[in-house]
Amino acid sequence: MNRPSPYKIRRAQVADFLQIAALDRVGWQQNKAADYIPDGEHLWRFFVAYSAVFVAEHDEKIIGFANVFRANDKAIFVLLKVVVDRKFRGQGVGQGLFSQVVKECDRHGFACLTTVDPENNSMLHVCQKFGFTEKEYKAGYYRPEEHRYVLKRYPSR
Ligand SMILES: CC(C)(COP(=O)(O)OP(=O)(O)OC[C@H]1O[C@@H](n2cnc3c(N)ncnc32)[C@H](O)[C@@H]1OP(=O)(O)O)[C@@H](O)C(=O)NCCC(=O)NCCS
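Residues numbered from 1 in each chain as written. Predicted model: local features only at pLDDT ≥ 70, side-chain atom pairs only at ≥ 80, totals over all residues. Heavy atoms only, no water.

By the naming in an unreviewed UniProt entry, the protein goes by N-acetyltransferase domain-containing protein and is assigned to Marinicella pacifica.

So, in structure tokens, the structure goes:
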């Protein structure tokens, strides 16, 4: 890990949604599915208001985010996205966001479900580190050529 940058993690406010959406747009630029992975601003407006979104802040600028929302009728949170600004990757920011996500899940006694690109080794590594023990390969999860692992973490009691 590189020298860590000072950053703080906090719950996102409605006022953050445009910055989060902007980071979502640039955070995937190196990804092979960069054209369609980012979500729109309107969706982020709803997420910050009605789900749990955590942001990492450095010099009053959002450098990372993670969001979870509750699955319908189930004691499960879905972890939709964790994204860290490229300049700040490899410095523990992603794991700082994960800590808040798992704390939120444990506080509710909920499991956490996410999907990860099988080639996304850093995300798979962090998921394993944070107790996502269940892992199922789903071919064509999003598109015929877009496969995913579906990972699940059970709450710590
Ligand atoms: C995945 C992501 C959120 C991780 O954020 P980050 O701030 O770089 O993560 P951290 O620095 O906290 O931790 C990264 C860990 O992965 C490890 N890692 C990095 N590259 C790796 C690789 N190729 N293989 C295995 N492990 C790797 C690091 O060593 C570190 O683990 P350690 O602390 O045990 O040594 C970030 O890379 C990102 O935003 N990627 C683009 C968006 C994305 O793919 N999001 C995930 C799907 S929603």
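Here the narrative resumes, following the displayed structure.
## Some details on the pairing of strand β4 (residues 76–84)
Among the 9 residues in β4, 8 count as buried, and that is most of the element. Where strand β3 (residues 61–70) meets β4, 7 bridges bridge the pair, whose relative direction is antiparallel. When the sheet's bridge partners are listed, Phe-65 is paired in β4 with Val-83. Taken together, β3 and the strand that follows it, β4, pair antiparallel across an intervening segment of 5 residues, in which Asp-73 is found at a positive phi of about 60 degrees. The sheet contact formed by β4 and strand β5 (residues 111–116) spans 3 bridges and is parallel. Bridged to Ile-76 within β5 is Ala-111. Assessed by its sense of winding, the connection that carries the chain from β4 through helix α3 (residues 93–108) to β5 is right-handed. (Buried < 20%, exposed > 50% of the residue type's maximum accessible area, 1.4 Å probe, protein only. Helix = DSSP H or I, 4+ residues; strand = E, 2+ residues; numbered from the N terminus. Pairing = 2+ DSSP bridges. Right-handed = clockwise from strand over helix to strand, strands pointing away.)

## Quick look at the packing of aromatic side chains
For any two aromatic rings, the description comes down to two numbers: the centre-to-centre distance and the angle of the planes. Going through the model one piece at a time under the given rule, you end up with 9 aromatic pairs. Arranged with centres 5.0 Å apart and planes meeting at 45 degrees, the rings of Phe-77 and Phe-110 form a pair that is tilted. Here Phe-77 is found in strand β4, whereas its partner Phe-110 is found in the loop between α3 and β5, with 33 residues between them in sequence. You can call Phe-77 buried: its relative accessible area is 6%. For Phe-110, a relative accessible area of 10% corresponds to the buried category. Put simply, the rings of Trp-44, Phe-47, Phe-65 and Phe-69 touch in pairs and so form one group of aromatic residues. The ring of Tyr-149 has Lys-135 lying over it, and the distance from NZ or CZ to the ring centre is 4.4 Å. (Phe/Tyr/Trp six-rings, centres within 6.5 Å; stacked < 30°, edge-to-face > 60°. Lys NZ or Arg CZ within 6 Å of the ring centre and 35° of its normal.)

## Some thoughts on the UniProt feature "domain: N-acetyltransferase" (unreviewed entry) in the protein
Summarizing the sequence annotation, UniProt attributes the feature "domain: N-acetyltransferase" (unreviewed entry) to residues 7–155 in the numbering used throughout. With 31% helix and 38% strand, residues 7–155 has its two end C-alpha atoms placed 26 Å apart. (UniProt positions renumbered as here; feature names shortened; annotations may be inferred.)

## Quick look at the sheet that holds strand β7 (residues 146–153)
As summarised here, the arrangement of the 7 strands in space is β1-β2-β3-β4-β5-β7-β6, forming an open sheet in which the pairing is mixed. Edge strands, defined here as strands with exactly one partner in the open sheet, are β1 (8–11) and β6 (132–143). For this sheet, the mean inter-axis angle between neighbouring strands, taken without regard to orientation, is 25 degrees. Bridge count between strand β2 (residues 52–58) and β3: 7 bridges; the pairing is antiparallel. Residue pairing for β3: Phe-54 is matched across the bridge by Ala-66. Taken strand by strand, α3 contacts β1, β2, β3, β4, β5, β6 and β7, and its axis lies near 165 degrees from that of β4. Where helix α4 (residues 121–129) meets the sheet, it contacts β4, β5, β6 and β7, and its direction lies at approximately 165 degrees from that of β5. (Axes fitted to C-alpha atoms, helices over the stretch in contact; angles between N-to-C directions. Contact = heavy atoms within 4.5 Å.)

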